[in-house]
Every structure is written in C-alpha cells, then in structure tokens.
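# Remarks on the overall topology
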Amino acid sequence: MTSPALTLVLGGTGKTGRRVVRRLTDRGNSVRIGSRSGGIPFDWDDPATWQPALTGVDAVYVSYQPDLAVPGAPEAIGAFAELAVRTGARRLVLLSGRGEPEAEACEKALAASGAQWTVLRASFFAQNFSEGDFLGAVLGGQLALPVEDVEEPFVDADDIAEVAATVLTEGGHTGRTYDLTGPRLLTFTQAMAAIGAATGREIGYVAVPAEAYAADLAAHGVPAAFADLLTHLFTSVLDGRNARLGDGVRQVLGRPARDFTDHVAEAAAAGVWTPGAAS
C-alpha cells in the first residue's frame, strides 16, 4: 500500500507529536505540523484554521489539547473529523486515554464521521516525569499528586509514536483500537525509586488530598480551569481502573513495549534529572 503523500500531525511539537513527526519523516513521508505556531497555523479553539491545515492532507494524527476530558471535546473531534473526510483526509489516528468516559465519547465522534479511523488508548506517559510539569518536582526531590499507591503501566511516548507512524502509513488498522501500555505495573512510589536509583539521588513520592493539590496549583499560578482538569484526571483515571496491561504495542510492532526503566536509563544518562538542568 502506498504511504500517504502528506500527513498532518496535530500537536506536532508536543510529547508524542514531535516524535511522530520524526518517525514519519524518517520513513520518507511529507509532514505538516499542526500547531498555533505552524507554517499553516492550527488551533482547536479556532475552527477557521482547520480547513487550511487540512488542504492536501491524506492522513491526520489527532492529538487534542488540553485533554479529551474538557467540555466540548467530543463535538470538536466530531466536527474536525467530518471536515477532514470531506476534504480527503480519510485516515485519522486518535490519541486517546484509557478509562476515560470523555475520551470514549471522542472516539465515538471520530468513528461517526465515516473516517478510516484508528484509536490509540495510551496509559500514563513515562515522559511525564522527564518533560513538562513534573520535571521540576522530580528535580526538587519529591513528587506530590492526589494519587494513592495504585499501579499504572507507564507507556513510553516513543512506543506511542512508532505505533502511530505505523498505523498512519500501513494498511490493516482501520477500525481498530489499540491499548498502549508499558510491559509491567508500577506505583508512583516505585517510579520515583527507579529514577532515584538511576540518578543516585533521593527522590520521593507522596500522595496528597485533592484539595491540597488543587490549592498548590493555584498558589503556583495555574489557571483554575486547568487545575480542575488535572485534579479530575488524577482522582478519576488514576484510581486503579487502569491497573492492567495492554498489548497494543506488540500487536502493531511485533515486539514488547519498552520498560519504564529503559526510558529512565536514557533520561538519566542525558542529564535530564541533574539538578540545574531544568530551565
């Protein structure tokens, strides 16, 4: 099967998006990065930007910001998918979440568009500890979240990207939902211990009440709506409902998923968790 001539990668500068872009270009595919600062800007909050970004596109990696759990996400996903199909971009691959009713509503909206759809349901990213909001806390020696000592199969964003690039460019994945996780279950305490062992530092984890977590976010200037979203996600999705393994990585790539310690070893060797590394 001929690979798509042009793929639009929404969130093309984010954790998974930039990795998808790299893998697609390595395969020889032409890629358009969908972001507010892209050459052809794309903004989920401005539907007028959707059509120009879709022009000439054959396939789309759909990553929704800030999260599929926000109000209006299913409607936006559905409207975008219908427009994509009308403009010729029929192959749509949605990055979704495990155990999220709101995300499942977005999946249904995608399927209802008539697209050649594939859903990637991903667990909590291993890269959340080495990139973005959690990095500062890890560097500070302690991560505090409103999550009890439940187990989560942390997935490597590089695995997500490789799966996405494969289903975007190869046949046989239409109408499939892939459950993407790491190969084993870890608690957040164990995850911090693994980072500590790799860096030779004491890095702890503490579970805090949701109210205390929300108050700390507010104290650090996090907008109320985003703070509410984060608190909701941590106290619902990370309540133990996803303490099970998925086999999506092996189904698509024919190999085991990367272990959490693989990412930790690479990030530690790169100095990600060296004090003073955070900007």
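Look a little higher up for the structure.
The structure reproduced in this document is the subject of the present report. Counting from 1, residues in each chain are numbered in the order their sequence is written. Owing to the predicted nature of the model, reporting of local features is limited to residues with pLDDT of at least 70; listing and counting of side-chain atom pairs is limited to 80 or more, with chain, interface and lining totals taken over all residues. Only hydrogens and water are set aside when side-chain values are computed; all heavy atoms of the structure are taken into account.

## A closer look at the overall build of the protein
The test is simple: Runs of H or I in DSSP of at least four residues are treated as helices and runs of E of at least two as strands, each being numbered from the N terminus. The rule is simple: take the accessible area with a 1.4 Å probe, protein chains only, and divide by the maximum for that residue type; under 20% is buried, over 50% is exposed, in between is partly exposed. Any two residues having at least one pair of non-hydrogen atoms within 4.5 Å are treated as being in contact. Residue exposure ignores everything except the shown protein chains as possible cover, and the areas themselves are Shrake-Rupley values with a 1.4 Å probe.
If you tally the helices and strands in the protein, you get eleven helices and ten strands. Here the protein holds 279 residues, and the buried ones make up 52% of them. Sequence separation of at least 24 residues holds for 78% of the intrachain contacts in the protein that already meet a minimum separation of 6. Carbon and sulfur atoms provide 52% of the accessible area of the protein, an area that totals close to 11,800 Å².

## Concerning empty space enclosed by the protein
Take a probe with the size of a water molecule and roll it over the atoms, and the empty space left behind shows itself. Formally: Buriedness for pockets is judged along seven lines, at least five of which must meet protein on both sides within 12 Å for an open set on the 1 Å grid over protein atoms alone, while cavities are sets there where a 1.4 Å probe fits but cannot get out, and lining residues have an atom within 4 Å of a point. Grid points are joined across faces, edges and corners, and a volume is the space filled by probe spheres set on the points. Think of it as three bins: nonpolar holds Ala, Val, Leu, Ile, Met, Phe, Trp, Tyr, Cys and Pro, charged holds Asp, Glu, Lys and Arg, and polar takes everything else, Gly as well.
For the structure on display, the rule yields one cavity of 30 Å³ or more. Of the voids in this model, the largest cavity is the one considered here, and its volume is about 30 Å³. As for the largest cavity, its lining consists of Arg91, Thr118, Val167, Glu170, Gly171, Gly172, His173 and Thr174. Residue classes in the lining of the largest cavity are distributed as one nonpolar, five polar and two charged.

## Regarding the nonpolar core
Generally speaking, soluble globular proteins have nonpolar side chains that are buried together. Counted only if it meets this: Working definition of a nonpolar core: buried Ala, Val, Leu, Ile, Met, Phe, Trp, Tyr and Cys residues. They are joined through side-chain atoms within 4.5 Å.
With 35 residues, the main nonpolar core has Trp44, Val60, Val62, Ile77 and Phe80 as its most contacted residues. Sorting the residues of this core by element identifies β1 (6–10), α2 (50–54), β3 (59–62), α3 (73–86), β4 (91–97), α4 (101–112), β5 (116–122) and α9 (224–236) as the ones contributing at least two each. With eight residues, α3 is the largest single contributor of residues to this core. Not counting residues up to four positions away in its chain, the partners in contact with Trp44 are Leu10, Trp50, Val62, Ser63, Tyr64, Gln65, Ala76, Ile77 and Phe80. Grouped together as the second largest cluster of nonpolar side chains are 30 residues, Leu139, Leu145, Ile203 and Ala267 included.

## With respect to the sheet that holds β5
Strand pairs in the sheet, formed through backbone hydrogen bonds, run parallel or antiparallel to each other. Condition: For two strands to be treated as a pair, DSSP must find no fewer than two bridges joining them. Helix axes use the C-alpha atoms of the stretch in contact, all axes being lines fitted to C-alpha atoms, and the angles between their N-to-C directions lie in the range 0 to 180 degrees.
Within the open sheet, the six strands sit side by side as β2-β1-β3-β4-β5-β8. Their pairing is parallel. The open sheet terminates on both sides in strands that have one partner only, identified here as β2 (30–34) and β8 (176–180). For this sheet, the mean angle separating the axes of adjacent strands, direction not counted, is 15°. Examined bridge by bridge, β1 and β3 share three bridges and lie parallel to one another. In the strand pairing of β3, Leu8 is matched with Val60. Against the sheet, helix α1 (residues 17–26) contacts β1, β2 and β3, and its axis sits at roughly 165° relative to β1.

## Some remarks on the side chain of Thr187
Within the fold, Thr187 resides in strand β9 (residues 186–187). Residue classification places Thr187 among the buried positions, given a relative accessible area of 8%. If sequence neighbours within four positions are ignored, Thr187 has contacts with Asp149, Val150, Glu151 and Phe154.

## Some details on helix α7 (residues 188–199)
So the rule is basically this: In a helix, the anticipated span is given by 1.5 Å times the number of residues less one.
If you check α7, its first and last C-alpha atoms are 17 Å apart, about what twelve residues at 1.5 Å a residue would give, namely 16 Å. Of the residues making up α7, those classed as buried are Phe188, Ala191, Met192, Ala194, Ile195 and Gly196. Here the buried face of α7 lies against α5 (133–140), β6 (142–145), β9, β10 (204–207) and α11 (260–269). In the segment just after α7, Gly200 is the residue with positive phi, at about 70°.

## Focus on the packing of α7 against α11
The condition is simple: Small angles under 35 degrees read as roughly parallel and large ones over 145 as roughly antiparallel, with 65 to 115 read as roughly perpendicular and the rest as oblique. If you view the pair so one helix is near and one far, a crossing is left-handed when the near helix is turned anticlockwise from the far one by less than a right angle, and right-handed when it is turned clockwise.
Contact pair α7 / α11: the axes reach a minimum separation of 9 Å and the direction vectors enclose 40°. Here α7 is positioned oblique relative to α11, judged by the angle of their axes. At the point where α7 passes α11, the crossing takes the right-handed sense. Every residue of α11 that contacts α7 at Ala191, Ala194, Ile195, Ala198 and Thr199 is listed here: Phe260, Val264 and Ala268. By residue class, the composition of the contact of α7 with α11 is seven nonpolar, one polar and no charged.

## Some words on the pairing of β4
Both faces of the sheet carry side chains from a regular strand, because those side chains alternate between them. The buried fraction of β4 is high, at seven of seven residues. In β4, alternate side chains face the same way, and those of Arg91, Val93, Leu95 and Gly97 on one face and Leu92, Leu94 and Ser96 on the other are all buried. When β3 meets β4, the two strands line up parallel, connected through four bridges. Pairing of Tyr61 across the sheet is with Val93, part of β4.

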